[in-house]
Amino acid sequence: MAKRVYEVWKGNNKFLIGGRLIFGPDARSLLITISLILVPMVIFCVFVARHLLHQFAAYNAGYAVLIVAIVFTLYVLALLLITSAQDPGIVPRASHPPEEGFSYDPSVTGDIGGRQTPGLQFPRTKEVIVNGRPVRIKYCDTCMLYRPPRCSHCSICNNCVQRFDHHCPWVGQCIGQRNYRYFFMFVSSSALLCVYVFAMSALYIKFLMDGDYPTVWKALKHSPASIILMAYCFIAMWFVGGLTGFHLYLIGTNQTTYENFRYRADNRPNVYDQGCISNFLEVFCTKTSSSRNKFRAYIQEESFNNRLQVPCPHDPVEEDDSGGDPRAKVEDDLELGGDLLKISRRRNYEEFEGDDDDEEAQQEDGLGLPVSQFPDNEPDNGQNVSRGRRGMSWEISPLEGVASMRKESHD
(Lines give C-alpha, C1' and ligand atoms only; values in the text may rest on other atoms or scores of the structure.)
Protein backbone atom coordinates (compact mmCIF):
# COMPACT_ATOMS: atom_id res chain seq x y z
CA MET A 1 0.00 0.00 0.00
CA ALA A 2 1.36 3.42 -0.94
CA LYS A 3 2.44 5.57 1.98
CA ARG A 4 1.99 9.27 2.46
CA VAL A 5 4.83 11.75 2.82
CA TYR A 6 4.30 12.35 6.54
CA GLU A 7 4.54 8.62 7.24
CA VAL A 8 8.11 8.42 5.96
CA TRP A 9 9.17 11.94 6.96
CA LYS A 10 12.90 12.09 7.77
CA GLY A 11 12.68 15.05 10.13
CA ASN A 12 11.94 14.80 13.85
CA ASN A 13 8.47 16.31 13.54
CA LYS A 14 5.27 14.83 14.92
CA PHE A 15 2.07 14.71 12.87
CA LEU A 16 -1.56 14.62 13.93
CA ILE A 17 -4.87 14.13 12.12
CA GLY A 18 -3.35 12.27 9.21
CA GLY A 19 -0.56 14.75 8.50
CA ARG A 20 -2.77 17.85 8.61
CA LEU A 21 -0.99 19.21 11.69
CA ILE A 22 2.80 19.25 12.06
CA PHE A 23 4.55 19.84 15.38
CA GLY A 24 8.13 19.84 16.56
CA PRO A 25 9.64 16.92 18.48
CA ASP A 26 9.10 18.77 21.77
CA ALA A 27 5.38 19.30 21.20
CA ARG A 28 4.60 18.16 24.75
CA SER A 29 5.90 21.48 26.03
CA LEU A 30 2.89 23.00 24.28
CA LEU A 31 0.71 21.53 27.04
CA ILE A 32 2.73 23.42 29.65
CA THR A 33 2.31 26.67 27.75
CA ILE A 34 -1.44 26.13 27.43
CA SER A 35 -1.75 25.42 31.15
CA LEU A 36 0.23 28.58 31.98
CA ILE A 37 -2.43 30.53 30.10
CA LEU A 38 -5.59 28.66 31.02
CA VAL A 39 -5.08 28.15 34.75
CA PRO A 40 -4.58 31.86 35.62
CA MET A 41 -7.46 32.87 33.36
CA VAL A 42 -9.83 30.38 35.00
CA ILE A 43 -8.80 31.76 38.41
CA PHE A 44 -9.35 35.29 37.14
CA CYS A 45 -12.83 34.57 35.76
CA VAL A 46 -14.00 32.72 38.87
CA PHE A 47 -12.51 34.84 41.67
CA VAL A 48 -12.17 38.31 40.11
CA ALA A 49 -14.22 38.92 36.95
CA ARG A 50 -17.32 37.30 38.45
CA HIS A 51 -17.35 39.84 41.24
CA LEU A 52 -17.01 42.74 38.81
CA LEU A 53 -20.21 41.92 36.91
CA HIS A 54 -22.31 44.40 38.90
CA GLN A 55 -19.67 46.98 39.72
CA PHE A 56 -20.46 49.04 36.62
CA ALA A 57 -24.16 49.83 36.81
CA ALA A 58 -24.42 51.76 33.55
CA TYR A 59 -25.24 49.42 30.66
CA ASN A 60 -24.14 46.43 32.77
CA ALA A 61 -20.59 47.08 31.65
CA GLY A 62 -19.30 44.65 34.26
CA TYR A 63 -20.18 41.78 31.93
CA ALA A 64 -17.73 43.16 29.39
CA VAL A 65 -14.85 42.43 31.79
CA LEU A 66 -15.68 38.72 31.79
CA ILE A 67 -16.46 38.55 28.06
CA VAL A 68 -13.22 40.32 27.08
CA ALA A 69 -11.21 37.98 29.30
CA ILE A 70 -12.73 34.86 27.71
CA VAL A 71 -12.46 36.10 24.11
CA PHE A 72 -8.92 37.37 24.62
CA THR A 73 -7.86 34.03 26.10
CA LEU A 74 -9.32 32.09 23.17
CA TYR A 75 -7.59 34.45 20.76
CA VAL A 76 -4.20 33.90 22.41
CA LEU A 77 -4.67 30.12 22.40
CA ALA A 78 -5.65 30.18 18.73
CA LEU A 79 -2.49 32.09 17.85
CA LEU A 80 -0.46 29.59 19.85
CA LEU A 81 -1.92 26.63 17.99
CA ILE A 82 -1.55 28.31 14.59
CA THR A 83 2.10 29.00 15.34
CA SER A 84 2.81 25.51 16.60
CA ALA A 85 0.75 23.32 14.28
CA GLN A 86 1.81 24.51 10.83
CA ASP A 87 4.80 24.15 8.55
CA PRO A 88 7.24 26.93 9.58
CA GLY A 89 8.82 26.97 6.12
CA ILE A 90 10.61 23.63 5.80
CA VAL A 91 12.72 23.26 2.67
CA PRO A 92 12.10 19.85 1.08
CA ARG A 93 15.10 17.55 1.11
CA ALA A 94 16.82 16.56 -2.10
CA SER A 95 17.10 12.89 -3.05
CA HIS A 96 20.72 13.32 -4.16
CA PRO A 97 23.42 16.01 -4.08
CA PRO A 98 23.24 18.75 -6.70
CA GLU A 99 24.68 17.30 -9.90
CA GLU A 100 25.73 20.63 -11.41
CA GLY A 101 28.40 21.03 -8.74
CA PHE A 102 30.12 17.68 -9.27
CA SER A 103 33.84 17.67 -9.92
CA TYR A 104 36.54 15.03 -9.63
CA ASP A 105 39.69 15.75 -7.68
CA PRO A 106 42.53 13.34 -8.57
CA SER A 107 44.40 14.41 -5.45
CA VAL A 108 41.61 13.03 -3.27
CA THR A 109 41.33 9.32 -3.87
CA GLY A 110 39.59 6.43 -2.24
CA ASP A 111 40.79 2.85 -2.02
CA ILE A 112 37.80 0.71 -3.01
CA GLY A 113 38.36 -2.92 -3.97
CA GLY A 114 42.12 -2.37 -4.24
CA ARG A 115 41.71 0.41 -6.82
CA GLN A 116 42.46 4.11 -6.40
CA THR A 117 39.52 6.17 -7.63
CA PRO A 118 39.22 9.97 -7.85
CA GLY A 119 37.16 11.61 -5.11
CA LEU A 120 33.84 13.30 -5.76
CA GLN A 121 34.01 16.98 -4.85
CA PHE A 122 31.67 19.97 -5.02
CA PRO A 123 31.86 23.44 -3.47
CA ARG A 124 30.64 23.76 0.10
CA THR A 125 29.52 27.37 -0.35
CA LYS A 126 28.12 29.54 -3.12
CA GLU A 127 27.48 33.22 -3.58
CA VAL A 128 24.13 34.62 -4.65
CA ILE A 129 23.06 38.21 -5.17
CA VAL A 130 20.46 39.62 -2.74
CA ASN A 131 19.39 43.25 -3.20
CA GLY A 132 22.48 43.88 -5.29
CA ARG A 133 24.92 42.46 -2.73
CA PRO A 134 26.64 39.06 -2.64
CA VAL A 135 25.47 36.64 0.04
CA ARG A 136 27.18 33.35 0.78
CA ILE A 137 25.00 30.27 1.11
CA LYS A 138 26.13 26.95 2.52
CA TYR A 139 25.58 23.35 1.54
CA CYS A 140 23.58 21.20 3.97
CA ASP A 141 24.87 17.63 4.20
CA THR A 142 21.67 16.37 5.82
CA CYS A 143 19.21 17.84 3.32
CA MET A 144 21.68 17.59 0.37
CA LEU A 145 20.98 21.08 -0.93
CA TYR A 146 22.33 24.59 -0.89
CA ARG A 147 20.36 26.49 1.72
CA PRO A 148 18.50 29.53 0.40
CA PRO A 149 19.45 32.92 1.89
CA ARG A 150 18.38 33.27 5.55
CA CYS A 151 17.77 29.54 5.74
CA SER A 152 19.31 27.45 8.51
CA HIS A 153 19.17 23.84 9.63
CA CYS A 154 17.41 23.28 12.95
CA SER A 155 19.22 20.57 14.90
CA ILE A 156 16.12 19.87 17.01
CA CYS A 157 13.62 19.38 14.17
CA ASN A 158 16.34 18.18 11.74
CA ASN A 159 15.01 20.35 8.92
CA CYS A 160 16.22 23.31 6.91
CA VAL A 161 13.80 26.19 7.59
CA GLN A 162 13.39 29.30 5.45
CA ARG A 163 14.06 32.59 7.24
CA PHE A 164 14.89 30.61 10.36
CA ASP A 165 14.42 32.72 13.49
CA HIS A 166 14.82 30.23 16.33
CA HIS A 167 13.35 27.05 17.78
CA CYS A 168 10.92 28.00 20.53
CA PRO A 169 10.54 25.35 23.26
CA TRP A 170 7.39 27.04 24.62
CA VAL A 171 5.69 26.70 21.26
CA GLY A 172 7.31 23.34 20.47
CA GLN A 173 8.06 24.37 16.90
CA CYS A 174 10.60 26.18 14.75
CA ILE A 175 9.84 29.81 14.05
CA GLY A 176 10.41 30.57 10.40
CA GLN A 177 9.07 32.31 7.36
CA ARG A 178 5.53 30.94 7.48
CA ASN A 179 4.72 31.25 11.20
CA TYR A 180 6.85 34.17 12.42
CA ARG A 181 3.95 36.63 12.05
CA TYR A 182 1.68 34.48 14.23
CA PHE A 183 4.45 33.93 16.77
CA PHE A 184 4.89 37.68 17.23
CA MET A 185 1.14 38.17 17.51
CA PHE A 186 0.98 35.40 20.13
CA VAL A 187 3.78 36.93 22.22
CA SER A 188 2.45 40.48 22.00
CA SER A 189 -1.13 39.37 22.71
CA SER A 190 0.05 37.43 25.74
CA ALA A 191 1.73 40.58 27.02
CA LEU A 192 -1.50 42.55 26.58
CA LEU A 193 -3.46 39.80 28.33
CA CYS A 194 -1.09 40.04 31.31
CA VAL A 195 -1.62 43.79 31.45
CA TYR A 196 -5.41 43.32 31.32
CA VAL A 197 -5.52 40.72 34.11
CA PHE A 198 -3.17 42.77 36.29
CA ALA A 199 -5.26 45.92 35.80
CA MET A 200 -8.61 44.23 36.49
CA SER A 201 -7.26 42.50 39.59
CA ALA A 202 -5.92 45.79 40.91
CA LEU A 203 -9.30 47.44 40.14
CA TYR A 204 -11.11 44.74 42.14
CA ILE A 205 -8.81 45.43 45.13
CA LYS A 206 -9.70 49.12 44.78
CA PHE A 207 -13.42 48.33 44.87
CA LEU A 208 -12.91 46.22 48.02
CA MET A 209 -11.05 49.05 49.72
CA ASP A 210 -13.86 51.46 48.84
CA GLY A 211 -16.36 49.08 50.42
CA ASP A 212 -16.17 46.93 53.50
CA TYR A 213 -12.37 46.46 53.51
CA PRO A 214 -10.80 49.90 53.94
CA THR A 215 -7.15 48.78 54.17
CA VAL A 216 -4.99 47.04 51.59
CA TRP A 217 -4.22 44.19 53.94
CA LYS A 218 -7.90 43.47 54.60
CA ALA A 219 -8.70 43.66 50.88
CA LEU A 220 -5.89 41.26 49.95
CA LYS A 221 -6.91 38.94 52.74
CA HIS A 222 -10.44 38.90 51.38
CA SER A 223 -9.27 38.19 47.83
CA PRO A 224 -5.94 36.33 47.84
CA ALA A 225 -6.51 35.31 44.21
CA SER A 226 -6.11 38.94 43.18
CA ILE A 227 -2.66 39.34 44.67
CA ILE A 228 -1.58 35.98 43.24
CA LEU A 229 -2.72 37.01 39.76
CA MET A 230 -1.04 40.40 40.05
CA ALA A 231 2.26 38.79 41.06
CA TYR A 232 2.00 36.19 38.30
CA CYS A 233 1.23 38.77 35.60
CA PHE A 234 4.01 41.05 36.83
CA ILE A 235 6.59 38.26 36.45
CA ALA A 236 5.18 37.11 33.10
CA MET A 237 5.29 40.65 31.78
CA TRP A 238 9.07 40.71 32.12
CA PHE A 239 9.25 37.69 29.86
CA VAL A 240 6.60 38.24 27.17
CA GLY A 241 6.86 42.01 27.35
CA GLY A 242 10.62 41.98 26.91
CA LEU A 243 10.30 39.43 24.10
CA THR A 244 7.76 41.65 22.36
CA GLY A 245 10.09 44.64 22.53
CA PHE A 246 13.02 42.61 21.23
CA HIS A 247 11.08 41.32 18.25
CA LEU A 248 9.79 44.80 17.47
CA TYR A 249 13.43 45.79 17.13
CA LEU A 250 14.16 42.76 14.94
CA ILE A 251 11.20 43.49 12.67
CA GLY A 252 12.14 47.15 12.35
CA THR A 253 15.68 46.24 11.28
CA ASN A 254 14.65 43.14 9.26
CA GLN A 255 16.71 40.68 11.27
CA THR A 256 16.05 37.27 12.71
CA THR A 257 17.00 36.12 16.18
CA TYR A 258 19.55 33.75 14.65
CA GLU A 259 21.15 36.50 12.57
CA ASN A 260 21.20 38.94 15.48
CA PHE A 261 23.03 36.59 17.84
CA ARG A 262 25.31 35.01 15.23
CA TYR A 263 26.43 38.03 13.22
CA ARG A 264 26.06 40.85 15.74
CA ALA A 265 29.79 40.94 16.49
CA ASP A 266 30.80 40.80 12.82
CA ASN A 267 29.41 44.26 11.98
CA ARG A 268 28.09 42.92 8.69
CA PRO A 269 25.88 45.16 6.57
CA ASN A 270 22.27 44.01 6.64
CA VAL A 271 21.37 43.38 3.00
CA TYR A 272 17.73 42.69 3.91
CA ASP A 273 16.98 46.01 5.64
CA GLN A 274 14.61 48.06 3.44
CA GLY A 275 13.65 50.70 5.95
CA CYS A 276 11.51 50.47 9.08
CA ILE A 277 8.10 50.86 7.40
CA SER A 278 8.90 48.48 4.56
CA ASN A 279 10.23 45.94 7.03
CA PHE A 280 7.00 45.99 9.05
CA LEU A 281 4.93 45.74 5.88
CA GLU A 282 6.97 42.72 4.80
CA VAL A 283 6.15 40.87 8.01
CA PHE A 284 2.51 41.83 8.52
CA CYS A 285 1.11 42.77 5.10
CA THR A 286 2.51 40.15 2.75
CA LYS A 287 0.71 36.95 1.88
CA THR A 288 1.94 33.87 3.69
CA SER A 289 3.63 31.62 1.18
CA SER A 290 2.24 28.14 0.59
CA SER A 291 3.98 25.19 2.14
CA ARG A 292 6.51 23.52 -0.13
CA ASN A 293 5.68 20.15 1.41
CA LYS A 294 2.60 18.09 0.63
CA PHE A 295 2.55 15.98 3.75
CA ARG A 296 -0.60 14.08 2.79
CA ALA A 297 0.48 13.33 -0.76
CA TYR A 298 1.23 9.75 -1.69
CA ILE A 299 4.83 8.85 -2.37
CA GLN A 300 5.63 8.18 -5.99
CA GLU A 301 7.61 4.96 -6.07
CA GLU A 302 10.76 5.67 -8.02
CA SER A 303 12.05 2.91 -10.21
CA PHE A 304 15.47 1.55 -9.41
CA ASN A 305 16.70 2.73 -12.81
CA ASN A 306 16.26 6.37 -11.79
CA ARG A 307 17.25 6.13 -8.15
CA LEU A 308 21.01 6.53 -8.43
CA GLN A 309 23.40 7.66 -11.14
CA VAL A 310 27.17 7.63 -11.32
CA PRO A 311 28.72 10.51 -13.27
CA CYS A 312 31.64 9.41 -15.43
CA PRO A 313 34.36 11.98 -16.08
CA HIS A 314 35.76 10.16 -19.10
CA ASP A 315 34.64 9.81 -22.66
CA PRO A 316 31.95 7.22 -23.38
CA VAL A 317 32.97 3.85 -24.71
CA GLU A 318 32.80 3.85 -28.50
CA GLU A 319 30.45 1.58 -30.33
CA ASP A 320 31.69 -1.33 -32.46
CA ASP A 321 31.68 -0.31 -36.11
CA SER A 322 32.50 -3.75 -37.51
CA GLY A 323 29.37 -4.63 -39.38
CA GLY A 324 27.16 -6.25 -36.77
CA ASP A 325 24.67 -4.63 -34.41
CA PRO A 326 26.47 -2.30 -31.90
CA ARG A 327 26.74 -3.30 -28.29
CA ALA A 328 25.10 -1.36 -25.49
CA LYS A 329 26.51 2.15 -25.24
CA VAL A 330 27.89 3.41 -21.92
CA GLU A 331 27.25 7.16 -21.58
CA ASP A 332 28.77 9.70 -19.24
CA ASP A 333 26.02 9.30 -16.65
CA LEU A 334 25.78 5.53 -16.19
CA GLU A 335 22.45 4.46 -14.69
CA LEU A 336 23.18 1.82 -12.10
CA GLY A 337 19.71 0.36 -12.32
CA GLY A 338 18.79 -1.08 -15.66
CA ASP A 339 22.07 -0.48 -17.49
CA LEU A 340 24.35 -2.32 -15.09
CA LEU A 341 21.90 -5.14 -14.60
CA LYS A 342 21.75 -5.68 -18.34
CA ILE A 343 25.53 -5.53 -18.66
CA SER A 344 26.06 -7.92 -15.76
CA ARG A 345 23.55 -10.43 -17.14
CA ARG A 346 25.27 -10.43 -20.54
CA ARG A 347 28.58 -11.22 -18.91
CA ASN A 348 29.37 -14.94 -18.82
CA TYR A 349 29.64 -16.50 -15.43
CA GLU A 350 32.94 -18.16 -16.33
CA GLU A 351 34.66 -14.80 -16.95
CA PHE A 352 34.60 -14.08 -13.23
CA GLU A 353 36.54 -17.31 -12.55
CA GLY A 354 39.55 -16.11 -14.57
CA ASP A 355 42.62 -15.16 -12.58
CA ASP A 356 43.59 -11.91 -14.26
CA ASP A 357 41.05 -11.28 -17.02
CA ASP A 358 39.19 -8.52 -15.21
CA GLU A 359 42.31 -6.75 -14.02
CA GLU A 360 43.89 -6.84 -17.50
CA ALA A 361 40.73 -5.51 -19.10
CA GLN A 362 40.57 -2.64 -16.64
CA GLN A 363 44.26 -1.83 -17.12
CA GLU A 364 43.89 -1.82 -20.89
CA ASP A 365 40.87 0.47 -20.69
CA GLY A 366 42.59 2.87 -18.26
CA LEU A 367 39.21 3.95 -16.86
CA GLY A 368 39.28 5.96 -13.65
CA LEU A 369 35.55 5.55 -12.99
CA PRO A 370 34.42 6.26 -9.44
CA VAL A 371 33.05 3.20 -7.69
CA SER A 372 29.71 3.83 -5.95
CA GLN A 373 27.84 1.52 -3.71
CA PHE A 374 24.62 0.00 -4.88
CA PRO A 375 21.37 0.72 -3.08
CA ASP A 376 20.49 -1.83 -0.46
CA ASN A 377 18.63 -4.47 -2.40
CA GLU A 378 18.94 -8.21 -2.79
CA PRO A 379 20.53 -9.75 -5.93
CA ASP A 380 18.20 -11.18 -8.57
CA ASN A 381 18.29 -14.97 -8.83
CA GLY A 382 22.00 -15.03 -7.95
CA GLN A 383 22.93 -13.36 -11.24
CA ASN A 384 24.37 -10.25 -9.62
CA VAL A 385 26.64 -12.12 -7.22
CA SER A 386 29.59 -14.22 -8.34
CA ARG A 387 32.47 -15.93 -6.66
CA GLY A 388 35.81 -14.20 -6.74
CA ARG A 389 39.23 -15.72 -6.85
CA ARG A 390 39.28 -16.29 -3.09
CA GLY A 391 35.78 -17.65 -2.78
CA MET A 392 34.29 -14.39 -1.49
CA SER A 393 30.90 -13.10 -2.61
CA TRP A 394 30.86 -9.59 -4.06
CA GLU A 395 28.67 -7.35 -6.20
CA ILE A 396 29.51 -6.41 -9.76
CA SER A 397 30.94 -2.91 -9.80
CA PRO A 398 30.44 -0.40 -12.61
CA LEU A 399 34.08 -0.86 -13.64
CA GLU A 400 33.65 -4.57 -14.23
CA GLY A 401 30.46 -4.02 -16.19
CA VAL A 402 32.19 -1.48 -18.44
CA ALA A 403 35.24 -3.69 -18.89
CA SER A 404 33.01 -6.62 -19.80
CA MET A 405 31.13 -4.59 -22.37
CA ARG A 406 34.32 -3.33 -23.92
CA LYS A 407 35.75 -6.81 -24.11
CA GLU A 408 32.64 -8.13 -25.75
CA SER A 409 32.61 -5.20 -28.19
CA HIS A 410 36.26 -5.78 -29.20
CA ASP A 411 35.61 -9.53 -29.66
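Here, the structure is the one placed above.
No experiment lies behind these values; they were computed from the predicted model shown.

Reading the values: rules and limits
Residues numbered from 1 in each chain as written. Predicted model: local features only at pLDDT ≥ 70, side-chain atom pairs only at ≥ 80, totals over all residues. Heavy atoms only, no water. Helix = DSSP H or I, 4+ residues; strand = E, 2+ residues; numbered from the N terminus. Contact = heavy atoms within 4.5 Å. Phe/Tyr/Trp six-rings, centres within 6.5 Å; stacked < 30°, edge-to-face > 60°. Buried < 20%, exposed > 50% of the residue type's maximum accessible area, 1.4 Å probe, protein only. Lys NZ or Arg CZ within 6 Å of the ring centre and 35° of its normal. Pairing = 2+ DSSP bridges.

Asks: Honestly, the environment of Phe 198 in this entry has me stumped. Any pointers?
Replies: Within the fold, Phe 198 resides in helix α3 (residues 180-210). A sequence separation of 31 residues divides Phe 198 from Leu 229, and the C-alpha atoms of the two residues are 6.7 Å apart. Ignoring sequence-local partners within four residues, the contact set of Phe 198 consists of Met 230, Cys 233 and Phe 234.

Asks: Teacher, can you tell me more about the packing of aromatic side chains here?
Replies: Aromatic ring pairs: the centre-centre distance and the angle between the two ring planes describe each pair. Across all of its chains, the model carries 13 aromatic pairs by this definition. Taking 5.2 Å as the distance between ring centres and 70 degrees as the angle between the ring planes, the aromatic pair formed by Trp 9 and Phe 295 counts as edge-to-face. With Trp 9 in the segment before β1 (14-16) and Phe 295 in the loop between α7 (276-284) and β12 (309-311), the pair connects residues that are 286 residues apart, well separated along the chain. A single burial state applies to Trp 9 and to Phe 295, both of which are buried. A connected cluster of aromatic rings, assembled from ring pairs, spans Tyr 6, Trp 9, Phe 15 and Phe 295. Lying across the ring of Tyr 146, Lys 126 places its NZ or CZ 4.4 Å from the centre. In this structure, Arg 150 is placed above the aromatic ring of Tyr 272, and the distance from its NZ or CZ to the ring centre is 4.1 Å.

Asks: I keep staring at the sheet that holds strand β6 (residues 133-140) and nothing clicks. Help me out?
Replies: As a general point, the strands of a sheet are linked pairwise by backbone hydrogen bonds and lie either parallel or antiparallel. The strand order across the open sheet formed by three strands is β5-β6-β7, and the pairing between neighbours is antiparallel. Taken across any chain shown, the strands that pair with only one partner, and hence form the sheet edges, are β5 (125-130) and β7 (145-146). Relative to β7, β6 is paired through two bridges, and the arrangement is antiparallel. Residue pairing in the sheet places Tyr 139 in a bridge with Tyr 146 of β7.

Bear in mind that shape data such as this cannot, by itself, settle questions of function.
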